[in-house]
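Chains, contacts and geometry: an overview
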Number of protein chains: 2
Amino acid sequence: MSQLAIAQIFKALGDPVRLQIVQRLSNGTALCMGELSKDLGISRQGARKQIQALVSAKVVQLHPVGREVKVQLDAVALQQGRDFIARLEAQWDKRLQALKQFTEQ
Amino acid sequence: MSQLAIAQIFKALGDPVRLQIVQRLSNGTALCMGELSKDLGISRQGARKQIQALVSAKVVQLHPVGREVKVQLDAVALQQGRDFIARLEAQWDKRLQALKQFTEQ
DNA sequence: CAAACATGCAACCTTTTGGTTGCATGTTTT
DNA sequence: AAAACATGCAACCAAAAGGTTGCATGTTTG
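So, here's what we can say about the structure. Here the structure is a predicted model, which means the values were calculated and not measured. (Residues numbered from 1 in each chain as written. Chains lettered and ligands numbered in written order. Predicted model: local features only at pLDDT ≥ 70, side-chain atom pairs only at ≥ 80, totals over all residues. Heavy atoms only, no water.)

1. A few points about unusual backbone geometry
Residue and element names in this part refer to chain A. For clarity, the threshold we go by: The way it works is that DSSP assigns letters per residue, a run of H or I at least four long becomes a helix, a run of E at least two long becomes a strand, and they are numbered from the N terminus. Whether a residue is buried, partly exposed or exposed follows from its accessible area with a 1.4 Å probe, protein chains only, as a fraction of its type maximum: under 20%, in between, or over 50%, in that order.
Backbone geometry places Asp 39, a non-glycine residue, at a positive phi of 55°. Tracing the sequence through the fold places Asp 39 in the loop between helix H3 (33-37) and helix H4 (44-56). Taking the relative accessible area as the measure of exposure, Asp 39 reaches 68% and is therefore exposed.

If you want it as structure tokens, here you go:
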């Protein structure tokens, strides 16, 4: 996993509108564009661009069904994001432990 | 924790340069501005702006020491980011389990 | 005290982002 | 076949991001 790909995932999550979209998708069934675009406070086309940003970062996948397009969360991206942070925290903790040992001497 | 604050944390992590800065800080001791600015491929003042972005998102804290300014990672922000994703994943898993039960009937 | 060092701040520039509107196109429904 | 629906695409715009350079300021060091 490249740094850049990880950064793109975080970047995709780094916007209130996109965060809400992701949250809605984690909540239940895959939703279609139209439904997802509602109640975001922006136009349908505006929402579409945000969804496209999520697609580009591979946080979300599109599946055309008839005249609709279903939007589905990609759990892999979430995991990669969480793992990255977890690894940072592991290093952090390791250092804290070393510091603790040092002061205990 | 507001959606906006979380989005700001992710946004702060959503850039290769800032991600590298965070990674360096998780690694060891708090570094000062000058050291942190090296080998990022941008000017010192450019790096400074990126560090400021991390400060604004509370991913990092500044501590002036003499003529230097130490930069320290804030583990709380990391945890909040990871927790947010973990909660999304929990909902996701819950749904998968419900689906599994349904198909097993 | 002078030189070297670490940093801050402001002005400026280009590209990206986040949003809009208008119109075109394919798909159901009646 | 016509109407209604779901979506796509392009042009456009203002604001924010990411970077630069130049200069000012406080702090060590010799």
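Once you've had a look at it, read on.
2. A word on helix H4 (residues 44-56) of chain B
All names here are of chain B. Note the cut-off: Any helix carries an expected span of 1.5 Å times its number of residues minus one. Starting at the helix axis, one direction is taken to each C-beta atom, and the arc is that of these directions. Note on definitions: a residue-residue contact is assigned when non-hydrogen atoms from the two residues lie within 4.5 Å.
An ideal rise of 1.5 Å per residue puts 18 Å on 13 residues; H4 measures up with 18 Å between its terminal C-alpha atoms. Among the residues making up H4, those that are buried are Ala 47, Ile 51 and Leu 54. An end-on view of H4 places all buried positions within 50° of arc, on one side of the element. The exposed residues of H4 that point more than 90 degrees off its buried face are Lys 49 and Ser 56. Considering only its buried residues, H4 is in contact with helix H1 (3-13), helix H2 (16-27), helix H3 (33-37), strand E2 (60-65) and strand E3 (68-73). Of the residues flanking the end of H4, it is Lys 58, one or two places downstream, whose phi is positive at about 60°.

3. Notes on the relation of the copies chain A and chain B
Turning one copy of the chain about an axis and sliding it along that axis gives the other copy, so a rotation and a shift relate them. What counts is decided by this rule: In superposing the copies, a least-squares fit is computed on C-alpha atoms, taking residues whose pLDDT is at least 70 in both.
For the match of chain A to chain B, the screw axis carries a shift of 0.0 Å, the RMSD comes to 0.0 Å, and the turn is 180°. Between the two chains, the operation in question is that of a two-fold axis.

4. Structural notes on the packing of aromatic side chains
All names here are of chain A. As a reminder, the rule being used: When the centres of two rings from Phe, Tyr and Trp lie within 6.5 Å, Trp using its six-membered ring, the rings pair. Their planes under 30 degrees apart give stacked, over 60 give edge-to-face, and anything left gives tilted.
Evaluated as defined, the whole model comprises 3 aromatic pairs over all chains. Between the aromatic rings of Phe 10 and Phe 84, the centroid separation amounts to 6.0 Å while the plane-to-plane angle is 70°, which identifies the pairing as edge-to-face. Linking Phe 10 in helix H1 (residues 3-13) with Phe 84 in helix H5 (residues 75-104), this pair joins segments that are 74 residues apart in sequence. With a relative accessible area of 0%, Phe 10 lands in the buried category.

5. Some words on the pattern of salt bridges
Residue and element names in this part refer to chain B. Rules: Just to be clear on terms, a salt bridge is a Lys or Arg side-chain nitrogen sitting within 4 Å of an Asp or Glu carboxyl oxygen.
Summed over all chains, the structure comprises 6 salt bridges over all chains. Its salt-bridge partner being Asp 83, residue Arg 82 comes within 3.8 Å of it at the nearest N-O pair. By relative accessible area, which is 26% here, Asp 83 ends up partly exposed.

6. Side note on the interface of chain A and chain B
Counted only if it meets this: Accessible area that two parts lose when put together, with a 1.4 Å probe and added across both, is what the buried area reports. N or O atoms within 3.5 Å of each other form a polar contact, as long as, within protein, one can give a hydrogen and the other can take it, and as long as residues adjacent in sequence are counted only when both atoms are side-chain atoms. All residues other than Ala, Val, Leu, Ile, Met, Phe, Trp, Tyr, Cys, Pro, Asp, Glu, Lys and Arg, Gly among them, are scored as polar; the first ten of these are nonpolar and the last four charged.
Contacts between chain A and chain B engage 33 residues on the former and 33 residues on the latter. For the pair chain A and chain B, the summed buried area comes to about 3,000 Å², and 67% of that belongs to carbon and sulfur atoms. Counting every contact that joins chain A to chain B gives 2 salt bridges. The partner of B:Arg82 in a salt bridge is A:Glu89, with the nearest N and O atoms 2.3 Å apart. The interface formed by chain A and chain B includes 10 residue pairs in polar contact (both at pLDDT 80 or more). Among the secondary structure elements, those contributing two or more residues to the side of chain A that touches chain B are H1, helix H2 (16-27) and H5 of chain A. Here the element with the most residues in the side of chain A that touches chain B is H5(A); it accounts for 13 residues. Of the residues assigned to the side of chain A that touches chain B, the class counts are 17 nonpolar, 11 polar and 5 charged.

7. Focus on the side chain of A:Ser26
Inspection of the secondary structure puts A:Ser26 in helix H2. On the accessibility criterion, A:Ser26 (0% relative accessible area) is buried. In terms of polar contacts, A:Ser26 uses its side chain to reach the side chain of B:Gln91, at 3.0 Å. Leaving out residues up to four positions away in the same chain, A:Ser26 has contacts with A:Leu73, B:Leu88, B:Gln91 and B:Trp92.

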